[in-house]
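A structural walkthrough
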There are 2 protein chains.
Amino acid sequence: MSTQPRLVLATRNQHKLDELRAILAAEGVDTAGVVSAADVDGPDVQETGVTFAENALLKARALVAHTGLPAVADDSGFAVDVLGGSPGVFSVYWAGRQRDDAANNALLLAQLEDVGPEHRGAQFVCAGALVTPDGREEVREGVVRGRLLAEPVGDGGFGYDPLFVPDGHDRSYAQLTAAQKNAISHRSRAFRELAPLIAELLA
Amino acid sequence: MSTQPRLVLATRNQHKLDELRAILAAEGVDTAGVVSAADVDGPDVQETGVTFAENALLKARALVAHTGLPAVADDSGFAVDVLGGSPGVFSVYWAGRQRDDAANNALLLAQLEDVGPEHRGAQFVCAGALVTPDGREEVREGVVRGRLLAEPVGDGGFGYDPLFVPDGHDRSYAQLTAAQKNAISHRSRAFRELAPLIAELLA
């Protein structure tokens, strides 16, 4: 890296890093020092929290401990109204310990097979956490409301994207391009909520 | 039947009928006219509600329509705190459309494998509904708090009984005799809440 790291994002996914950088750039932040966990050989973190906020904080704290730099982390999931917000933090392993999006989708649809359209409200939720070396911790949540379909639609995205149509849209998350989804996504909302705090911190 | 039916319980399970009769008898009710859906050839009802109360009401209303008599129905399920009350009304078909207690238990344990003992609070919930031919509808809820075990214990009971230890006990629901379980169960609590209303109605 040509520039000294100043803030680390808890991901090894370059697209997620690019997304955070773009959102920060829109806030006027110089993003040259914004790097990912891959750039600093960040630790693997067990996501043992029972809320999105807890898991995001666990990941950010671990990265602060590892690097001595401020860190941002996010944790997301799919929350169905009639399931009281489940799958929630258990979204990835809903159908069992193998990580299998198709199995997760099939199980969720089977569980809710008898649930009529008037009760299929759902939302994607993302908690974004900012943790600093001096112990400051901030969490902001991004939520996208919508409804659960009766069968998967679309080939894009991942996870429960083929089952979810955001309010005000007529296509599933899985039918949107990455750019379209990023523009409205729960994660982008959480990052945008955190952006002014990050801008202030790096100023 | 030697006695004219006066109240119908929405079940074909003789044990459940005996349980309601015993609770009513303790309230001083003459239970000779308290019969089950089996005695009146009651209808099959689709449990399409998304709450226990809705499902209990659906079953009781159908029986009132079928018999012209007051009816009592109950709907129960297992509610895990960190799942926001799920499986809840979806308890029976949690692992899919086959009705398979062992599969439901195994799936729930897999979903919550990473959840520590401090977050394993859970409860059994029963909604009892009383509906009369003149349109009166009453719902009372019975709840038994406890915790979710990490593996099944005990051979008795059914459903999620092997996973649940009630507060103040050191054995699972599945390790209790039927009499012991009935004495403390969520269903008996709901029935006991309804008993004075039923006593008044039949007086």
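Described below are features of the structure shown in this document. Being a predicted model, the structure only gives us computed values, none of them experimental. (Residues numbered from 1 in each chain as written. Chains lettered and ligands numbered in written order. Predicted model: local features only at pLDDT ≥ 70, side-chain atom pairs only at ≥ 80, totals over all residues. Heavy atoms only, no water.)

Right, let's talk about the overall build of chain A for a bit. Looking only at helices and strands, chain A features five helices and seven strands. If you list the helices and strands of chain A from N to C, you get β-α-β-α-β-β-α-β-β-β-α-α. Its C-alpha radius of gyration of 17 Å places chain A within 12% of the 17 Å reference for a compact globule of 203 residues. Viewed in the frame of its principal axes, chain A has a C-alpha envelope of about 55 × 30 × 25 Å. Taken over 203 residues, chain A has a buried fraction of 52%. (Helix = DSSP H or I, 4+ residues; strand = E, 2+ residues; numbered from the N terminus. Rg over C-alpha atoms; globule rule 2.2 N^0.38 Å. Buried < 20%, exposed > 50% of the residue type's maximum accessible area, 1.4 Å probe, protein only.)

Rotating chain B by 180° and translating it 0.0 Å along the rotation axis places it on chain A, where the RMSD comes to 0.0 Å. Such a combination of rotation and displacement between the chain copies is what one expects of a two-fold axis. If distances are taken from each C-alpha of chain B to the rotation axis, the shortest is found for Gly 84 of chain B, at 2.2 Å. A high fraction, 100%, of the interface residues of chain B reappear at the interface in chain A, so the copies pair face to face through one surface. (Least-squares fit on C-alpha atoms with pLDDT ≥ 70 in both. Contact = heavy atoms within 4.5 Å.)

Turning next to the packing of helix H1 (residues 14-26) of chain B against helix H5 (residues 186-202) of chain B. Residues and elements named next belong to chain B. H5 packs onto H1 with a crossing angle of 50° between their chain directions and a minimal axis gap of 9 Å. Viewed along their axes, H1 and H5 adopt a mutual orientation that is oblique. As for the relative orientation of H1 and H5, their crossing is right-handed in sense. Mapping the contact onto sequence places Lys 16, Glu 19, Leu 20, Ile 23 and Leu 24 in H1 and Arg 187, Ser 188, Phe 191, Arg 192, Ala 195 and Ile 198 in H5. Tallied by class, residues from the contact of H1 with H5 come to six nonpolar, one polar and four charged. (Axes fitted to C-alpha atoms, helices over the stretch in contact; angles between N-to-C directions. Parallel < 35°, antiparallel > 145°, perpendicular 65-115°, else oblique. Left-handed = near helix turned anticlockwise from the far one by under 90°. Nonpolar A, V, L, I, M, F, W, Y, C, P; charged D, E, K, R; others polar.)

Residues and elements named next belong to chain B. Residue placement: Gly 77 occurs in strand S3 (residues 71-80). Taking the C-alpha atoms as reference points, Gly 77 and Phe 124, separated by 47 residues in sequence, lie 5.9 Å from one another. Each residue touching Gly 77, except ones within four places of it in the same chain, is listed here: Phe 52, Gly 88, Ser 91, Gln 123, Phe 124 and Val 125.

Quick look at helix H3 (residues 101-111) of chain B now. Helical geometry: 3.6 residues make up each α-helical turn, so side chains three or four residues apart lie on a common side. When we look at burial in H3 of chain B, the residues that qualify are Asn 104, Asn 105, Leu 107, Leu 108, Leu 109, Ala 110 and Gln 111 of chain B. Elements that come into contact with the buried residues of H3 of chain B comprise helix H3 (101-111) of chain A together with S3, strand S4 (87-88) and strand S6 (137-148) of chain B. For H3 of chain B, the N-terminal capping position is held by Asp 100 of chain B, with its side-chain oxygen 3.1 Å away from the main-chain nitrogen of Ala 102 of chain B. (Polar contact = N/O pair within 3.5 Å; in protein donor to acceptor, adjacent residues only side chain to side chain.)

Our focus in this paragraph is the environment of Pro 133 of chain A. Residue and element names in this part refer to chain A. Inspection of the secondary structure puts Pro 133 in the loop between strand S5 (121-131) and strand S6 (137-148). Taking the relative accessible area as the measure of exposure, Pro 133 reaches 48% and is therefore partly exposed. Note: C-alpha distance between Pro 133 and Leu 69 (64 residues apart in sequence) is 6.1 Å. Not counting the four nearest positions on each side in its chain, Pro 133 is found in contact with Val 64, Gly 68, Leu 69 and Pro 70.

This brings us to the interface of chain B and chain A. Every contact between the two is made by 20 residues of chain B and, on the other side, 20 residues of chain A. The contact between chain B and chain A buries some 1,900 Å² in all, and 57% of this surface belongs to carbon and sulfur atoms. Area buried by chain B at its contact with chain A is led by Phe 90, Arg 97 and Gln 111 of chain B, which between them contribute 31% of it. The tally of links between chain B and chain A comes to four salt bridges. (Buried area = accessible area lost by both parts, 1.4 Å probe. Salt bridge = Lys/Arg side-chain N within 4 Å of Asp/Glu carboxyl O.)

Tallied over the full model, the rule gives 22 salt bridges over all chains. We note a salt bridge from Asp 75 of chain A to Lys 59 of chain A, for which the minimum N-O separation is 3.2 Å. Here Lys 59 of chain A lies in helix H2 (residues 52-67) and Asp 75 of chain A lies in strand S3 (residues 71-80), a separation of 16 residues in the sequence. Taking the relative accessible area as the measure of exposure, Asp 75 of chain A reaches 7% and is therefore buried. Taking the relative accessible area as the measure of exposure, Lys 59 of chain A reaches 13% and is therefore buried. Among the ionic pairs, Arg 97 of chain B bridges to Asp 114 of chain A, the shortest N-O distance being 3.1 Å. Taken together, the residues Arg 97 of chain B in the loop between S4 and H3 and Asp 114 of chain A in the loop between H3 and S5 connect one chain to another. Through salt bridges with shared partners, a single ionic network connects Glu 47, Lys 59 and Asp 75 of chain A.

Attention now moves to the nonpolar core. In terms of nonpolar packing, the biggest core is built from 44 residues, with Phe 78, Leu 108 and Leu 112 of chain A together with Phe 78, Leu 108 and Leu 112 of chain B touching the most fellow members. Secondary structure elements with two or more residues in this core: S3, H3, S5 and S6 of chain A together with S3, H3, strand S5 (121-131) and S6 of chain B. Each residue touching Leu 108 of chain A, except ones within four places of it in the same chain, is listed here: Phe 78, Val 80, Leu 83, Pro 87, Trp 94, Leu 148, Tyr 160 and Leu 163 of chain A. (Core = buried A, V, L, I, M, F, W, Y, C linked by side-chain atoms within 4.5 Å.)

It is worth spelling out the side chain of Asp 75 of chain B at this point. Polar side-chain contacts of Asp 75 of chain B include one of 3.3 Å to the side chain of Asn 55 of chain B. In contact with Asp 75 of chain B, other than residues within four places in its own chain, are Glu 47, Thr 51, Phe 52, Asn 55, Ala 56, Lys 59, Val 89, Val 125, Cys 126 and Ala 127 of chain B.

It is a general feature of regular strands that their side chains alternate between the two faces of the sheet. Residues and elements named next belong to chain B. Counted residue by residue, S3 has nine buried out of 10 residues, so it is predominantly covered. In this structure, strand S1 (residues 7-9) lies alongside S3, joined through two bridges in parallel fashion. Following the sheet pairing, Val 8 is matched in S3 by Ala 71. Examined bridge by bridge, S3 and S5 share 10 bridges and lie antiparallel to one another. Within S5, the residue paired with Ala 79 across the bridge is Gln 123. In this sheet, S4 lies alongside S3 in antiparallel orientation, the contact comprising two bridges. Each residue of the ladder has a partner; that of Phe 78, found in S4, is Gly 88. What sits between the antiparallel neighbours S3 and S4 is a turn of six residues, in which Gly 84 has the positive phi angle 65°. (Pairing = 2+ DSSP bridges.)

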